[in-house]
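Coordinate inspection notes
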Amino acid sequence: MTLTLYNTLTRRKEPFEPLEAGKVKMYYCGVTVYDHCHVGHARACIVWDVVRRYLAWRGYEVRYVQNFTDIDDKILNRARAEGSSMAAVSERFIQAYFEDMARLNVMEADEYPRATHTLDGIKRLVHELEQKGYAYPANGDVYYAVHSFAGYGKLSGRKLEDMQAGASGRVDAADLDAPKKRDPSDFALWKAAKPGEPAWESPWGSGRPGWHIECSAMVRDRLGDTIDIHAGGNDLIFPHHENEIAQSEASTGQPLSRYWMHNGMVTVNGEKMSKSLGNFTTIRDLLDRDGANPMAVRLFILQATYRRPLDFTTEAIASAHKSWDTMRDGLLFGYKHGQQLGYSDVDDSSFGNPEYMRMPEDSKAVRRFRESMDDDINTPGALTVLFELAKDLQKESNRLTHDGKTLADPQTLRSQWQTLVVLAQILGLAASPDVGAQRAAPLQEAEIAALIQQRAVAKQAKNWAEGDRIRDQLKAKGISLIDKPGGITDWIRESG
RNA sequence: GGCGGCAUCGCCAAGUGGUAAGGCAGAGGUCUGCAAAACCUCCACCCCCAGUUCGAAUCUGGGUGCCGCCUCCA
């Protein structure tokens, strides 16, 4: 069974073989920190988080690097507007990023390089490109001569002639640097300092790096000349990743990355979610203002294959919440019924922790999960397996609650539960029991019995409204009533 | 205009030559207000046209529609 990944470079799924057996070097082009992250960013972060988790589960030693772009016009603009500094703005949003991602259960990267911390590497790279004839200085700027790199366009499938023919009018009009460029498609590696903007000294004078060179430098700095997986949004294919290839490969003579992976965009009413369109929802608004459950957000994102567009709607989020209810019931099965089913280790601190769990590796569920994930990280297919396990456990849980017995034996159930917990963990889905759920003054059994008696009287008189009122009242206190044949009413305390 | 992608049930979404997974929502029944639970049953000829094939959602050609990139963007 081999893992296959879709490679943007070749436009097909390929068997995954890292440069060095057993080890994976992965780089994700992270965010520019000038504002809070929105659902589109969440998708990218979650998708690559899952790829990374899966590779690790598959036995690879993964080194995962994600950058922060902290030198950028948008950050500067924001700093100006706030009367603060570029450093202060980016620092603030980097912290916000970490808070958001922690809530979404996105694992931390092994390293988070920043452009401002990589200036030496950037300057070295620009210098090298200049020495090798791929770059030229112009009035304090340095540009990359796109025509000097034979492979230019290989990632995005573009030809230089086509691009100029199609876009020349617009580019020339909008590009203030056009007069300094030898060719309209050339791009800046270094920009001369402008008054009042942060700048760094360099052989070309005071200035700051262009966007594309940052990533080339950070990749090389942290992971070396050739990495295994370079990931990012598909809106970065051109020009960003194309330019990265041109810079890195011209300089090292080695392939920059063996696999290029790109996630699809989150859309709103079919249009890309973006700052410029103003149709975005930030992660914190979704979580705080709209009260979305982070795990439901993860489900919403993972129920689509990562390369396709994903439309963000309130209905889709609501549906994801319902799905999560089922999944959560399954994930909590062992906590809820372990005692009753006689699991001897329920009180151990490791109970329920996927890291300590053994699951039957050759079970049908694991096999199907693996087949889906091996097929270019097919998370919707993988989720199918989880839902089947979770649904089954949910039913058994209900049987246990309502009838006091299950269909399957405790050990089979335990095995199913553990399989679910372990596989869910690979997708970053986890539920923990509400320890000490805050519930005001739990009702005494006598009070409950009294209310049930009142309700029985009301029901006898066919006063359904009163009966329902009492049931709702109890429900609000976490007590669910179950009417059984013969006028008997049982009750259970919801575990929350 | 160039390059790329997508079109499968009310909604989301798998499936890449052998007769349509799953989630959400829905209908009927065992059940006797409503609710809860279980069990059973039902719920798609896969955008259109033509072709290849014993056989196509799956391959080929041609349409139609939608989206992304070509400017900062996950």
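Note that the structure is predicted; figures quoted are calculated from it, not measured. (Residues numbered from 1 in each chain as written. Chains lettered and ligands numbered in written order. Predicted model: local features only at pLDDT ≥ 70, side-chain atom pairs only at ≥ 80, totals over all residues. Heavy atoms only, no water.)

Description of empty space enclosed by the protein
Considering all chains together, one arrives at 4 cavities of 30 Å³ or more under this definition. Taken as a whole, the largest cavity holds about 50 Å³ of empty space. Together, Leu125, Ser216, Val219, Arg220, Gly224, Asp225, Ser248, Ser251, Thr252 and Leu256 line the largest cavity. Elements supplying a minimum of two residues to the lining of the largest cavity: helix H6 (211-223) and helix H7 (237-252). A class-by-class count of the residues in the lining of the largest cavity yields 3 nonpolar, 5 polar and 2 charged. (1 Å grid on protein atoms, 1.4 Å probe; cavity = no way out; pocket = protein on both sides within 12 Å on 5 of 7 lines; lining within 4 Å. Points joined across faces, edges and corners; volume = space filled by probe spheres on them. Helix = DSSP H or I, 4+ residues; strand = E, 2+ residues; numbered from the N terminus. Nonpolar A, V, L, I, M, F, W, Y, C, P; charged D, E, K, R; others polar.)

Things to note about the packing of helix H15 (residues 445-460) against helix H16 (residues 464-476)
Relative orientation of the contacting elements H15 and H16 amounts to 160°, with a least axis distance of 7 Å. Here H15 is positioned roughly antiparallel relative to H16, judged by the angle of their axes. The handedness of the crossing between H15 and H16 is left-handed. Residues Ile448, Leu451, Gln454, Arg455, Ala458 and Lys459 of H15 pack against Trp464, Glu466, Gly467, Ile470, Arg471, Gln473 and Leu474 of H16. (Axes fitted to C-alpha atoms, helices over the stretch in contact; angles between N-to-C directions. Parallel < 35°, antiparallel > 145°, perpendicular 65-115°, else oblique. Left-handed = near helix turned anticlockwise from the far one by under 90°. Contact = heavy atoms within 4.5 Å.)

Focus on the pattern of salt bridges
Two side chains that carry opposite charge are able to pair once their charged atoms sit near each other. Taken as a whole, this structure holds 38 salt bridges when the rule is applied. The residue Glu99 makes a salt bridge to Arg284 at a minimum N-O spacing of 3.1 Å. Here Glu99 is found in helix H3 (residues 86-103), whereas its partner Arg284 is found in helix H8 (residues 283-289), with 185 residues between them in sequence. Overlapping salt bridges bring together Asp35, Arg78, Glu82, Arg92 and Lys275 as one network. (Salt bridge = Lys/Arg side-chain N within 4 Å of Asp/Glu carboxyl O.)

A closer look at the domain arrangement of chain A
As assigned here, chain A comprises domain 1 (4-272), domain 2 (334-426) and domain 3 (445-493). Using C-alpha coordinates to define each centre, domain 1 is positioned 62 Å away from domain 3. (Domains from an automatic or database assignment.)

Remarks on the protein's contact with RNA strand B
Around RNA strand B, the surrounding shell holds 59 residues, and the nearest of these are Lys74, Trp211, Gly233, Gln303 and Arg399. Restricting the count to atoms of RNA strand B within 4 Å of the protein gives a sugar and phosphate share of 68%. Here a base nitrogen of RNA strand B sits 3.0 Å away from a polar atom, N or O, in the side chain of Arg158. Asn398 places a polar side-chain atom, nitrogen or oxygen, 3.2 Å from a phosphate oxygen of RNA strand B. Top contributing element to the surface near RNA strand B by residue count: helix H13 (residues 379-403), with 9 residues. In terms of residue class, the surface near RNA strand B is built from 16 nonpolar, 23 polar and 20 charged. (Near = heavy atom within 4 Å. Polar contact = N/O pair within 3.5 Å; in protein donor to acceptor, adjacent residues only side chain to side chain.)

Notes on H7
Since there are 3.6 residues in each turn of an α-helix, residues three or four apart along the chain are aligned in direction. Within H7, 14 of the 16 residues are buried, which leaves it mostly tucked inside the rest of the structure. One or two steps after H7, the chain reaches Gly253, where phi turns positive at roughly 75°. (Buried < 20%, exposed > 50% of the residue type's maximum accessible area, 1.4 Å probe, protein only.)

Looking at the packing of aromatic side chains
Under the counting rule described, the total for this entry stands at 19 aromatic pairs. Seen from their ring centres, Tyr97 and Phe98 are 5.7 Å apart, and the 75° between their planes marks the pair as edge-to-face. Measuring from centroid to centroid gives 5.9 Å for Trp190 and Trp204, while their planes differ by 50°, and the two rings are tilted. Of the two residues, Trp190 is situated in strand E7 (residues 187-192) and Trp204 in the loop between E7 and strand E8 (207-209); the sequence distance between them amounts to 14 residues. For the pair Trp190 and Trp204, a shared accessibility class is recorded, and that class is buried. Here the aromatic cluster, defined as three or more aromatic residues joined through ring pairs, consists of Phe68, Tyr97, Phe98 and Tyr112. One Lys or Arg, Arg158, reaches over the ring of Phe238 and ends 4.3 Å from the middle of that ring. A cation over an aromatic ring shows up here: Lys275 above the ring of Tyr34, its NZ or CZ 5.1 Å from the ring centre. (Phe/Tyr/Trp six-rings, centres within 6.5 Å; stacked < 30°, edge-to-face > 60°. Lys NZ or Arg CZ within 6 Å of the ring centre and 35° of its normal.)

Considering the sheet that holds strand E11 (residues 266-268)
Taken in spatial order, the 3 strands make up an open sheet running E12-E11-E13, and their pairing is mixed. In this open sheet, the two strands that pair with only one neighbour each are strand E12 (271-272) and strand E13 (310-311). Of the pairings in the sheet, the one linking E11 to E13 comprises 2 bridges and is parallel in character. Bridge assignment links Thr267 to a residue of E13, and that residue is Asp311. (Pairing = 2+ DSSP bridges.)

A closer look at the side chain of Gln66
On the secondary structure map, Gln66 appears in strand E4 (residues 61-66). Residue classification places Gln66 among the buried positions, given a relative accessible area of 3%. At 2.6 Å, the side chain of Gln66 and the side chain of Tyr97 are in polar contact.

A look at unusual backbone geometry
Of note, the bond from Phe238 into Pro239 is cis; its omega dihedral lies within 30 degrees of zero at 0°. At Arg11, a residue that is not glycine, the phi angle is positive and equals roughly 60°. Structurally, Arg11 can be placed in the loop between strand E1 (4-7) and strand E2 (12-15). One non-glycine residue, Asn139, lies in positive phi territory at about 55°.

Remarks on the packing of helix H2 (residues 73-82) against H3
Direction vectors running N to C along H2 and H3 enclose 105°, while the axes themselves pass 8 Å from each other. One element, H2, and the other, H3, form an angle in the roughly perpendicular class. In contact with Ile75, Leu76, Arg78, Ala79 and Glu82 of H2, H3 contributes Met86, Val89, Ser90, Arg92 and Phe93. Among the residues forming the contact of H2 with H3, the class breakdown is 6 nonpolar, 1 polar and 3 charged.

Digging into the environment of Lys484
Inspection of the secondary structure puts Lys484 in strand E14 (residues 479-484). C-alpha separation for the pair Lys484 and Asp468, spaced 16 residues apart in sequence, amounts to 16 Å. In this structure Lys484 touches His402 and Asp490, once residues within four positions along its chain are discounted.

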